[in-house]
Amino acid sequence: PASSRLSRPGLPQDMAAASRGSHQEIVLVAGSYEGQLVGFSIAASSLGSSAAAPAAATPLFAFKAHDGCIRAAAAAADHLVTGSTDNTLGVYNLRKRRAHGSLLQEGGGGAVSALSFYGGTHLLSGGGDGDVCIWRTSDWECLLRMKGHSAPIEALAVHPSGRLALSVCAGRKLRLWNLQTGKCNYTSALPQPTRVLLWTPRGDAYVTAAGSALRLHALGGDAAPVEMLHERPPAAAAFASEDVLASGGASGAIELWDAGSGERLSQAAAAHASRIKCLVSTFRSCGGGGAHLSSASTDGSIRLWRLVAAGASEPARLESLLLLRTSLRLTALCASLVSHQAGSAVALRVAAGRLAGGPEGAEAE
């Protein structure tokens with residue numbers, strides 16, 4: 001296996017938090033152009049469709065995580081990993097609020113621009129050197145480096161089964177990898193590079209962007225991809241449910257699409273005042289209610305949404321639950337469901353004094 005090095009930087013100041021009973025929280029984490037990382041906690045129970053209290057967010061941390069721009073962030077269970085133009089991956093434990101250190105690939109690698117978890121056991125990373133690395137999260141060993149791309153990797157997506165993965169590079173090449181053998185099974189030339197790459201929740205198709213369209217490609221067969229045409233090129237996409245795809249871009253609007261037919265269902269026209277940079281599926285069954293989506297904009301705002309299912313005379317639409325404001329130029333967003341056991345103390349790792357550009361506040365909507 002390729003070698004890796006886990007360095008342990010000086011940690012931010014500890015601040016003990018009072019123990020709570022057993023509970024679950026949604027942790028939203030955003031990275032910025034300036035290399036700062038901000039995190040918020042949302043009680044999972046507050047997101048149920050029958051929750052009496054509105055959703056509320058508690059700031060968890062705000063600190064300088066990288067010397068370069070944070071280009072990717074991914075979270076699964078307790079794990080949080082960030083990738084940066086400083087060529088390192090930052091590794092954190094969300095439940096313990098602890099930084100484990102930084103990972104550096106053999107030979108220095110390149111800028112890390114794509115991350116994708118499979119469960120909480122393995123992580124795929126890709127970046128400037130064109131390699132795809134498979135990391136084991138139990139000890140953060142790089143198990144395998146898959147070579148094939150001749151240009152920097154722009155996006156990665158692990159199949160829901162954990163057996164396959166897709167990668168796209170700046171040279172417009174899409175590759176389908178067999179993660180059991182480490183071999184590339186399929187290559188295709190895309191019309192242009194894209195950072196939009198994701199599997200459907202069922203794993204029977206994948207989505208890419210090309211110009212002003214999102215394209216849904218079915219696995220197997222020769223059927224033409226389903227196209228979802230936009231007025232302006234989409235910059236981000238995520239599934240709000242198994243059948244509803246959300247997209248956003250320069251207009252600041254979020255559009256909902258029927259993933260089967262390509263029909264546009266509805267639009268949240270004023271979702272953000274500026275360009276939408278990131279969309280993530282947050283958690284699909286919080287406290288017994290609905291599908292949830294989070295969005296981040298270059299104006300520093302983050303929103304949490306609930307998908308309202310289609311009714312007899314109304315299409316599916318988004319309902320805004322929460323607005324979070326920062327002063328950062330946001331470039332990455334991820335979310336994870338974190339479970340805490342009764343009687344376990346949580347140590348908050350926060351900066352010794354609020355950093356400029358950190359979280360400013362939250363507004364329930």
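Only a predicted model underlies this, so the values are computations on that prediction, with no experimental measurement involved.

Moving on, we get to the overall build of the chain. Tallying secondary structure elements over the chain gives zero helices and 32 strands in all. Out of the 365 residues belonging to the chain, those deemed buried represent 53%. A total of about 15100 Å² of accessible surface is found on the chain, and carbon and sulfur atoms cover 49% of it.

Now for the nonpolar core. Grouped together as the largest cluster of nonpolar side chains are 23 residues, with contacts concentrated most on Leu28, Ile42, Leu47, Ile302, Leu322, Leu324 and Leu333. If you look at the next biggest cluster of nonpolar residues, it comprises 17 residues, including Ala240, Leu279, Leu293 and Ala316.

Our next topic: the confidence of the model for the chain. Of the residues in the chain, 82% reach a pLDDT of 70 or more, and the chain-wide mean stands at 84. Here residues 1-19 is modelled with pLDDT under 50, and outside its nearest four sequence neighbours on either side it reaches 47 contacts, counting other chains as well. In the predicted structure, residues 285-289 sits below a pLDDT of 50 and forms 12 contacts with residues beyond four places in sequence or in another chain.

A separate point is unusual backbone geometry. Here asparagine 87, not a glycine, exhibits a phi torsion of approximately 75 degrees, which is positive. Positionally, asparagine 87 belongs in the loop between β7 (79-84) and β8 (89-93).

Turning our attention to the pairing of strand β23 (residues 244-249). The buried count for β23 comes to six of six residues, which makes it a mostly enclosed element. Covered by surrounding structure in β23 are Val244, Ala246 and Gly248 together with Leu245, Ser247 and Gly249, the residues of both alternating faces. Pairing between strand β22 (residues 234-239) and β23: five bridges, direction antiparallel. Paired with alanine 237 across the bridge in β23 is serine 247. Between the antiparallel neighbours β22 and β23 lie four residues. Relative to strand β24 (residues 254-258), β23 runs antiparallel, the two sharing five bridges. Looking at the pairing, serine 247 lines up with glutamate 255 of β24. The antiparallel hairpin formed by β23 and β24 contains four residues in its connecting segment, where glycine 252 sits at a positive phi of about 85 degrees.

Taken in spatial order, the four strands of this open sheet run β5-β4-β3-β30, and their pairing is antiparallel. Edge positions in the sheet fall to β5 (57-64) and β30 (330-340), since each of these pairs with one other strand and no more. Pairwise comparison of adjacent strand axes, ignoring direction, gives a mean angle of 20 degrees for this sheet.

Enumeration according to the criterion identifies zero disulfides in this entry. Here cysteine 142 stays unpaired: no disulfide links it, and the sulfur of cysteine 133, its closest cysteine neighbor, is 4.1 Å away. Since its relative accessible area comes to 1%, cysteine 142 is described here as buried.

In space, the four strands of this open sheet follow the order β10-β11-β12-β13, with antiparallel pairing throughout. A strand with exactly one partner marks an edge of an open sheet, and here the two such strands are β10 (112-118) and β13 (141-146). On average, each strand axis in the sheet is inclined to that of its neighbour by 25 degrees, with strand direction left out of account. Alignment of strand β12 (residues 132-136) against β13, held across five bridges, turns out to be antiparallel. Bridge pairing in β13 places cysteine 133 opposite arginine 145.

The next subject is the side chain of glutamate 25. Assignment of secondary structure puts glutamate 25 in strand β3 (residues 23-32). Since its relative accessible area comes to 2%, glutamate 25 is described here as buried. Of note is the side chain of glutamate 25, whose polar atom sits 2.8 Å from the side chain of arginine 97. Within the structure, glutamate 25 has its side chain in polar contact with the side chain of histidine 340 (distance 2.7 Å). In this structure glutamate 25 touches Ser41, Ile42, Ala44, Arg97, Ser336, Leu337, Val338 and His340, once residues within four positions along its chain are discounted.

Positionally, threonine 282 belongs in the loop between β26 (276-281) and β27 (291-297). Between the C-alpha atoms of threonine 282 and leucine 337, which are 55 residues apart in sequence, the distance is 8.3 Å. The residues contacting threonine 282, other than those within four sequence positions of it, are Ile26, His292, Leu293, Ser294, Leu304 and Ala335.

About the thresholds
- Residues numbered from 1 in each chain as written.
- Predicted model: local features only at pLDDT ≥ 70, side-chain atom pairs only at ≥ 80, totals over all residues.
- Heavy atoms only, no water.
- Helix = DSSP H or I, 4+ residues; strand = E, 2+ residues; numbered from the N terminus.
- Buried < 20%, exposed > 50% of the residue type's maximum accessible area, 1.4 Å probe, protein only.
- Areas by Shrake-Rupley, 256 points an atom, 1.4 Å probe, with all protein chains shown as cover.
- Core = buried A, V, L, I, M, F, W, Y, C linked by side-chain atoms within 4.5 Å.
- pLDDT = per-residue confidence, 0-100.
- Contact = heavy atoms within 4.5 Å.
- Pairing = 2+ DSSP bridges.
- Axes fitted to C-alpha atoms, helices over the stretch in contact; angles between N-to-C directions.
- Disulfide = S-S within 2.5 Å.
- Polar contact = N/O pair within 3.5 Å; in protein donor to acceptor, adjacent residues only side chain to side chain.

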